[in-house]
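Below, each chain spelled out in residue letters.
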Amino acid sequence: MEGKAKEEAGKGGVIDTWLRKHRLIYIGATRHPFILAIRDGTVNYSSFKKWLGQDYIFVREFVAFAASVLIKAWKESDDSEGDTEVILGGMAGLHDEIAWFKKEASKWGVELSETIPQKANQVYCRFLESLMSPEVDYTVAITVFWAIEAVYQESFAHCLEPDTNTPPELQEVCQRWGNDGFGQYCHSLKKIANRLLEKASDDLIMGKAGDDVLKKAEVELIRVLEHEVEFWNMSRGTA
Ligand SMILES: Cc1ncc(CN)c(N)n1
């Protein structure tokens, strides 16, 4: 695949290099037993209901994080108009998502107003808050943003593949993040992140870089994957 096509496909960029390098944790986050149980129809519904309540709490926090990335895109000079529109599209999706959580929670008899954030959720939300600070570089923030969205896209798309046994009543959940439109949105985020990571890499080589943005982006990406694994684990917890 030649350069341009490769870039279009989001292949061959910095992110794909990192996903190969850290493939174990990436698989841990995107092929978690909770997801595999949905896919083969063996998930127990108390785990699913626990995940639903906790994810609603997370998404409320994620809205604020998305807004902080939008501001960083707005402040950024190069080509960030396109970036701002992609991020704004994601925020519009979050608006629909919150309405969907409320409908889905009432369908399953989950009382969202009484749901208490569990430890793994609290830790993940504190991690998000730490990245909302203006000191955190836009390149790091957009890479984290992409990773958070991509884990759900990869996980739930896996449950929609042919010859899976995803229960009919969980199809809608899987479609929410597994659909092609969300996949295209994640691809747009990946292209933005790769563009900025390439630039950070050039700056580093040219000795123009202040702090090592590339290293920080890689570290935070791995942290996202670890938090995602803990988040899935939480739904299986008995607590
Ligand atoms: C924990 C978690 N990670 C990611 C997503 C997708 N925005 C989510 N809803 N929840």
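Residues numbered from 1 in each chain as written. Predicted model: local features only at pLDDT ≥ 70, side-chain atom pairs only at ≥ 80, totals over all residues. Heavy atoms only, no water.

**Re the nonpolar core**
Stated formally: As used in this record, nonpolar core signifies buried Ala, Val, Leu, Ile, Met, Phe, Trp, Tyr and Cys residues forming a set joined through side-chain atoms within 4.5 Å. Each residue is placed in one exposure class: buried if its accessible area under a 1.4 Å probe, protein chains only, is under 20% of its type's maximum, exposed if it is over 50%, and partly exposed if it falls in between. A helix here means a DSSP run of H or I that spans at least four residues, while a strand means a run of E at least two residues long, and both kinds are numbered starting from the N terminus. Note on contacts: a residue pair is in contact if any heavy atoms of the two residues lie within 4.5 Å.
Core analysis: the largest hydrophobic core is formed by 77 residues, its most contacted members being Trp51, Ile142 and Phe156. No other element matches helix α8 (residues 138–158), which puts 13 residues into this core. In this structure, Ile142 is in contact with Val69, Ile87, Leu189, Ile192, Ala193 and Leu196, ignoring residues within four places of it in sequence.

**Digging into the site of the ligand**
Worth spelling out the cut-off: One heavy atom within 4 Å of a molecule or strand is enough for the residue carrying it to be called near that molecule or strand. In the analysis that follows, any N or O atom pair within 3.5 Å is treated as a polar contact, provided that within protein one partner can donate a hydrogen and the other can accept it, and provided that, for residues neighboring in sequence, both atoms belong to side chains. Values of accessible area rely on a 1.4 Å probe in the Shrake-Rupley scheme; residue burial ignores everything except the protein chains shown. In this classification, Asp, Glu, Lys and Arg are treated as charged, Ala, Val, Leu, Ile, Met, Phe, Trp, Tyr, Cys and Pro as nonpolar, and every other residue, Gly included, as polar.
As a matter of local geometry, the ligand sits amid Asp55, Phe58, Val59, Phe62, Glu97, Tyr124, Ile148, Glu149, Tyr152, Trp177, Glu228 and Phe231. Tyr152 is positioned with one of its side-chain polar atoms (N or O) 3.3 Å from a nitrogen atom of the ligand. Isolated, the ligand exposes 290 Å² of accessible area, and the fraction of that covered by the protein chains is 100%. Put simply, the parts of the chain that give the shell around the ligand at least two residues each are α5 (45–75), α8 and α11 (213–236). Examining the composition of the shell around the ligand, we find that 4 residues originate from one element, α5, more than from any other. Split by residue class, the shell around the ligand holds 8 nonpolar, no polar and 4 charged.

**Considering the packing of helix α3 (residues 23–30) against α11**
How two helices sit against one another is set out by the angle between their axes and by the gap between those axes. For clarity, the cut-off: The angle between two axes is taken between their N-to-C directions and runs from 0 to 180 degrees, where each axis is a line fitted to C-alpha atoms and a helix contributes only its stretch in contact. In a left-handed crossing the near helix is turned counterclockwise from the far helix by less than a right angle, and in a right-handed crossing that turn is clockwise.
In the contact formed by α3 and α11, the axes pass within 8 Å of each other and the chain directions differ by 35 degrees. The chirality of how α3 crosses α11 is left-handed. For the pair α3 and α11, contact is made by Ile25, Tyr26, Gly28 and Ala29 and by Leu225, Glu226, Glu228, Val229 and Trp232, respectively. Taken together, the residues of the contact of α3 with α11 sort by class into 6 nonpolar, 1 polar and 2 charged.

**Topic: the pattern of salt bridges**
To keep it simple, the criterion reads: The salt bridge criterion pairs a side-chain nitrogen of Lys or Arg with a carboxyl oxygen of Asp or Glu, the two atoms within 4 Å.
Following the criterion strictly, the structure yields 11 salt bridges and no others. As a salt-bridge pair, Lys216 and Glu220 come within 2.8 Å of each other at their nearest N and O atoms. Residue Lys216 and its partner Glu220 are both found in helix α11; the two are separated by 4 residues, about one turn of the helix. Salt-bridge contacts for Glu220 lead to Arg223; the nearest nitrogen and oxygen are separated by 3.2 Å. Residue Glu220 and its partner Arg223 are both found in helix α11; the two are separated by 3 residues, about one turn of the helix. Residue classification places Glu220 among the buried residues on the basis of a relative accessible area of 4%. Members of the salt-bridge network, linked through shared partners, are Lys21, Lys215 and Glu218.

**Some words on the packing of aromatic side chains**
The line we're drawing: Each Phe, Tyr or Trp ring, with Trp reduced to its six-membered ring, pairs with another whose centre is within 6.5 Å; inter-plane angles below 30 degrees give stacked pairs, above 60 give edge-to-face pairs, and intermediate values give tilted ones.
Within the structure shown, the criterion is met by 27 aromatic pairs. With 5.9 Å between their ring centres and 55 degrees between their planes, Trp51 and Phe156 make a pair best called tilted. Residue Trp51 is found in helix α5, and its partner Phe156 is found in helix α8; the two are separated by 105 residues along the sequence. Judged on exposure class, the residue Trp51 and its partner Phe156 are both buried. An aromatic cluster is built from Phe34, Tyr45, Phe48, Trp51, Tyr56, Trp100, Phe101, Trp108, Tyr152, Phe156, Trp177 and Trp232, whose rings are joined through pairwise contacts.

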